[in-house]
Amino acid sequence: MKLLPSIVCSAMVAGAMLFSPVASADQQLAASMCDFVAADDRNRFRKVLSDYRLRLRNIYDGVVCNGESLIRHAFRNDANDVGEFIIRQLPGSQIADSGDVEWAQANGFGDTALFASLQDRAGS
């Protein structure tokens, strides 16, 4: 009789150990991407996407850096190279719908080259 509870408990512990590393790996990947944006390291940012076979348009909404999107994080850190890359990888409709153009203009980034690229891609 005491064997059944110990088997159930062991199965629950093993299951918890199997699923928790996946979440931390995703968080670590997102943190690395945020670090590469802040450092304006386009090559390493591209390498992460390539190594994990990710398309930026598929994960863009899920990656948040300090409570902001990748483009907003690029603006705040003056990361023009990575910002341009991100803008080129996203569809214009996604950029237009995100509100990043209005955010950048409202926060004083309206006179930068990155803002001009963002506006061109959004079609406004």
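Residues numbered from 1 in each chain as written. Predicted model: local features only at pLDDT ≥ 70, side-chain atom pairs only at ≥ 80, totals over all residues. Heavy atoms only, no water.

**Some thoughts on the environment of Ala 96**
- Its location among the elements puts Ala 96 in helix α6 (residues 92-98).
- Exposure remark for Ala 96: the relative accessible area of 36% places this residue in the partly exposed category.
- With 25 residues separating them along the chain, Ala 96 and Arg 121 place their C-alpha atoms 8.2 Å apart. (Helix = DSSP H or I, 4+ residues; strand = E, 2+ residues; numbered from the N terminus. Buried < 20%, exposed > 50% of the residue type's maximum accessible area, 1.4 Å probe, protein only.)

**A closer look at the packing of helix α2 (residues 42-51) against helix α5 (residues 80-89)**
- Following both chains from N to C, one finds α2 and α5 inclined at 40 degrees, their axes separated by 9 Å at the closest point. As far as their axial angle goes, α5 and α2 are oblique. Only Asp 81, Val 82, Phe 85, Ile 86 and Arg 88 of α5 make contact with α2, whose side of the interface consists of Arg 42, Phe 45, Arg 46 and Leu 49.
- Looking at the contact of α2 with α5 residue by residue, the class counts come to five nonpolar, no polar and four charged. (Axes fitted to C-alpha atoms, helices over the stretch in contact; angles between N-to-C directions. Parallel < 35°, antiparallel > 145°, perpendicular 65-115°, else oblique. Contact = heavy atoms within 4.5 Å. Nonpolar A, V, L, I, M, F, W, Y, C, P; charged D, E, K, R; others polar.)

**Focus: the nonpolar core**
- The biggest cluster of nonpolar side chains holds 33 residues, and the ones touching the most others in it are Met 33, Phe 45, Leu 56, Leu 70, Phe 75 and Ile 86.
- Counting only elements with at least two residues in this core, the list comes to α1 (3-38), α2, α3 (56-59), α4 (70-76), α5, α7 (100-106) and α8 (113-122).
- The element best represented in this core is α1, accounting for six residues.
- If we skip the residues at most four places from it in the chain, Leu 70 touches Val 37, Phe 45, Leu 56, Tyr 60, Val 63, Cys 65 and Ile 86. (Core = buried A, V, L, I, M, F, W, Y, C linked by side-chain atoms within 4.5 Å.)

Such coordinate-based values are descriptive only and should not be taken to indicate function.
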